[in-house]
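Spelled out, the chains give:
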Amino acid sequence: MAQMILIDMIKLRNAMVEDSTLQLPEGLFYKSDNDNGLKTIRELAVFRFTCRKCEDAPCIAVCPADALEKDKDGIITRHTNLCISCKSCVTICPFGTMMTDFFKHHRNKDLLYDLTDQGELDKFIQACPVGSVTMVNSGESPQENIYALNENILVKDYLYTSEKL
Ligand code: SF4
Ligand code: SF4
């Protein structure tokens with residue numbers, strides 16, 4: 001099995017709680033000339049795994065820019081070209097799904113890492129809180145709260161489910 005990048009969202013959240021001034025490094029899986037409003041792996045992971053997927057999603061209703069919508073699988077997606085970074089969606093989400101630093105328009109380029117490049121991947125791992133990003137030779141493991149975001153990335157997080165476990 002090819003090596004995968006395991007991002008522990010639980011550790012990242014805890015690190016942010018322990019240090020409110022912490023600016024997390026951001027992993028990206030594509031290059032872009034426009035660094036404003038990029039969708040990071042954390043944003044993709046949170047909407048996929050942590051979001052409760054509210055039926056009448058208040059985040060969509062409150063967005064003044066019509067920047068949020070659900071995709072065909074019911075997963076919230078943000079149109080970065082429309083988002084004005086007002087954070088109304090962060091405030092109204094009753095479950096605190098989103099981390100407050102998701103929607104910055106002006107990102108610190110020093111914190112962005114292209115994970116398709118081995119050198120940048122190594123730097124990303126070093127820059128992240130200790131133990132929050134690791135390379136593994138395993139795949140999904142729901143009993144350990146580990147799920148695949150894509151073919152390269154595993155995310156460890158508490159998956160929301162309305163089913164009794
Ligand atoms: S309000 Fe929060 S939990 Fe509900 S759909 Fe929006 S982001 Fe997800
Ligand atoms: S930050 Fe504001 S504009 Fe952007 S998605 Fe959230 S509510 Fe919409």
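To be clear, the structure that these remarks concern was listed above.
Conventions used here
- As a convention, each chain's residues are numbered from 1 in the sequence order in which they are written.
- Ligands are numbered from 1 and chains lettered from A, in the order in which they are written.
- In view of the model being predicted, local features appear only for residues whose pLDDT reaches at least 70, and side-chain atom pairs are presented and counted only at 80 or more, with totals across whole chains, interfaces and linings using the full set of residues.
- By convention in this description, side-chain values take in all heavy atoms of the structure and omit both hydrogens and water.
- Each residue is tested against the molecule or strand, and it is near if at least one of its non-hydrogen atoms lies within 4 Å.
- Residues are sorted three ways: Asp, Glu, Lys and Arg are charged, Ala, Val, Leu, Ile, Met, Phe, Trp, Tyr, Cys and Pro are nonpolar, and all the rest, Gly among them, are polar.
- Only when DSSP finds a minimum of two bridges between them are two strands counted as paired.
- Runs of E in the DSSP output that reach at least two residues are strands. Runs of H or I that reach at least four are helices, and both are numbered from the N terminus.
- Only protein chains enter the accessibility calculation, which uses a 1.4 Å probe. A residue is then buried if its area is under 20% of the maximum for its type, exposed if over 50%, and partly exposed in between.

For this particular structure, what's the right way to read the site of ligand 2?
Neighbouring ligand 2 are C63, P64, L68, C83, I84, S85, C86, K87, S88, C89 and F103. The residue inventory of the shell around ligand 2, partitioned by class, reads 8 nonpolar, 2 polar and 1 charged.

Whenever I open this one, the site of ligand 1 confuses me. Can you help?
Contacts to ligand 1 come from C51, R52, C54, A57, P58, C59, I76, C93, P94, F95, T97 and M98. Split into classes, the residues belonging to the shell around ligand 1 amount to 10 nonpolar, 1 polar and 1 charged.

Explain the pairing of strand β8 (residues 153–156) here, please?
Within a regular strand, side chains alternate between the sheet's two faces. Relative to β8, strand β1 (residues 4–8) runs parallel, the two sharing 4 bridges. When the bridges of β8 are listed, I7 appears paired with V155. Pairing of strand β7 (residues 146–148) with β8, which is carried by 3 bridges, proceeds in the antiparallel orientation. Residue pairing in the sheet places A148 in a bridge with L154 of β8. Count of turn residues in the β7/β8 antiparallel hairpin: 4 residues.

Please explain the pairing of β1 as it appears in this structure.
For β1, the buried fraction is high: 5 of the 5 residues fall into the buried class. Here β1 shows two buried faces, one formed by M4, L6 and D8 and the other by I5 and I7. Where β1 and strand β6 (residues 133–136) come together, 4 bridges link them in antiparallel fashion. From the neighbouring strand, M4 faces β6, where its bridge partner is V136.

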